[in-house]
Amino acid sequence: MSGEIVGILLAAGAGRRFGGDKLLHVLADGTPMALAAARSLGSACDRVVVVLRAAGHPLARDFEEAGYALVVCPAADGGMGYSLAAGVRAAHDAAGWVVALADMPFIQPDSLRTVAAALRAGASLAAPTFQGRRGHPVGFARQWRDALCALVGDQGARQILTTHREQVVLCPVDDEGVLMDIDRPQDMPCGARG
C-alpha cells in the first residue's frame, strides 16, 4: 500500500468512570495520559489527527504544538462511532488509519508501528495480539473509508471487525499495553501512577 497512514487518536470521551477528565491524568514521567498516547501514535504514523469533544480542551495547545491536527466532535456524547467517523473524515485521503484510544498510553511505539506496517504490507484490517488476546490499536485500509465515515453510536468499528474477522491480520506483540485500557484510576499500573 502506498500513501499516508494516518493515526487517529480518539480523545473525545467524558471519562465518567474515571471520575473526571482522565486524559489530563499525569503519568509517572509527568506527561498527561492523552499526550503520551498521541506521541506513541505519532512515532508510527505519517501524521496524527486527535479527535476532541471541545475546541477548548486543556490539551489542545499541546497537541497542536506537537504538530497534530485537531478535530472537534460535538456529537461525541453519542458514542465512539461519531468520534471515529469525524477523525476518518478529517483524513479521508489517507491510504489507511491506525485508530488508537487516548486512554491507552502504555502501548509501546513498536506495537503501533507493527500495525501500521501490516497496513503498508497490504492488510485490509490489522490489530495487535498479546498472549492470544486481540488489543489496540486497530488498523483500517482505505477500502473501509465509507463504512468508517458512516459510523454512529457507541460500538465504534466493532461491527466491521466482527463481520470481516477473516480479513483481520493479527500481529503478535510482546506488549501488555495493547490490552491496558484505563477506565478507572485503579486500572493504572502501580509504577505508572503520577
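Residues numbered from 1 in each chain as written. Predicted model: local features only at pLDDT ≥ 70, side-chain atom pairs only at ≥ 80, totals over all residues. Heavy atoms only, no water.

Novice: What's the story with the overall build of the protein in this structure? I'm lost.
Specialist: The helix and strand inventory of the protein stands at 6 helices and 8 strands. When its helices and strands are written in sequence order, the protein yields β-α-β-α-β-α-β-α-β-β-β-α-α-β. Of all 194 residues assigned to the protein, the portion counted as buried reaches 51%. When the accessible surface of the protein is totalled, it reaches about 8,800 Å², and 49% of it is carbon and sulfur. (Helix = DSSP H or I, 4+ residues; strand = E, 2+ residues; numbered from the N terminus. Buried < 20%, exposed > 50% of the residue type's maximum accessible area, 1.4 Å probe, protein only. Areas by Shrake-Rupley, 256 points an atom, 1.4 Å probe, with all protein chains shown as cover.)

Novice: Sorry, what's going on with the pairing of strand S1 (residues 5–11) here?
Specialist: Across a regular strand the side chains alternate sides, sitting on one face of the sheet and then on the other. Most of S1 sits inside the fold, with 7 of its 7 residues counted as buried. Burial along S1 is two-sided: the residues Ile5, Gly7, Leu9 and Ala11 and Val6, Ile8 and Leu10 are all buried. The pairing of S1 with strand S4 (residues 96–101) spans 6 bridges and is parallel. Bridge pairing in S4 places leucine 10 opposite leucine 101. Alignment of S1 against strand S2 (residues 47–52), held across 6 bridges, turns out to be parallel. When the bridges of S2 are listed, valine 6 appears paired with arginine 47. (Pairing = 2+ DSSP bridges.)

Novice: What is the right way to read the nonpolar core from this model?
Specialist: By size, the foremost hydrophobic cluster in this structure holds 64 residues, and its most contacted members are Leu9, Phe63, Trp97, Val98, Phe140 and Leu148. If you tally residues by element for this core, the top one is S1, at 6 residues. For phenylalanine 140, the contacting residues outside a window of four places in its chain are Gly96, Trp97, Val99, Leu119, Ser124, Leu125, Leu148, Ala157, Ile160 and Leu161. Counting residues in each nonpolar core, the second largest holds 6 residues, with Leu27, Ala36, Phe106 and Ile182 among its members. (Core = buried A, V, L, I, M, F, W, Y, C linked by side-chain atoms within 4.5 Å. Contact = heavy atoms within 4.5 Å.)

Novice: Before we go on, may I ask you to explain the pattern of salt bridges in this structure?
Specialist: One side chain can pair with another of opposite charge once the charged atoms of both are near each other. Counting across every chain of the model gives 7 salt bridges. One salt bridge in this structure joins aspartate 46 and arginine 120, with 3.1 Å as the shortest N-O distance. Taken together, the positions of aspartate 46 in the loop between helix H1 (33–42) and S2 and arginine 120 in helix H4 (residues 109–120) put the pair 74 residues apart, joining distant regions of the chain. Notably, a salt bridge pairs arginine 145 with aspartate 146, separated by 3.9 Å at the nearest N-O pair. (Salt bridge = Lys/Arg side-chain N within 4 Å of Asp/Glu carboxyl O.)

Novice: Which parts of the structure should I look at to understand the side chain of lysine 22?
Specialist: Mapped onto the secondary structure, lysine 22 falls in the loop between S1 and H1. Given a relative accessible area of 10%, lysine 22 falls into the buried group. A polar atom in the side chain of lysine 22 sits 2.7 Å from the side chain of aspartate 103. (Polar contact = N/O pair within 3.5 Å; in protein donor to acceptor, adjacent residues only side chain to side chain.)

Novice: I would appreciate a short explanation of H4 in the present structure.
Specialist: An α-helix turns once per 3.6 residues; consequently, residues spaced three or four apart project the same way. Over its 12 residues, H4 runs 16 Å from end to end, which matches the ideal 16 Å to within 8%, given 1.5 Å per residue. Of the positions making up H4, those classed as buried are Ser111, Leu112, Val115, Ala116, Ala118 and Leu119. All buried residues of H4 fall inside an arc of 155 degrees around its axis, so they share one side. For H4, the secondary structure elements touched by its buried residues are S1, H1, S4, strand S5 (125–130), strand S7 (138–141) and strand S8 (168–172). Glycine 122 sits one or two residues past H4 and shows a positive phi near 110 degrees. (Expected span 1.5 Å × (residues − 1). Arc of directions from axis to C-beta.)

Novice: Just checking my understanding: could you explain helix H3 (residues 80–90) for this structure?
Specialist: Those residues of H3 lying buried are Gly81, Ser83, Leu84, Ala85, Ala86, Gly87 and Val88. Each element contacted by the buried residues of H3 is listed here: S1, S2, strand S3 (69–72), S4 and helix H5 (145–149).

Novice: What is the right way to look at the pairing of S5 in this model?
Specialist: The buried fraction of S5 is high, at 6 of 6 residues. Sheet analysis places S5 next to S7, joined by 2 bridges and oriented antiparallel. Looking at S7, one finds that leucine 125 is bridged to phenylalanine 140. Pairing between S5 and S8: 5 bridges, direction parallel. When the sheet's bridge partners are listed, proline 128 is paired in S8 with cysteine 171. Hairpin connection from S5 to strand S6 (residues 133–134): 2 residues lie between these consecutive antiparallel strands, with glutamine 131 at a positive phi of about 50 degrees.

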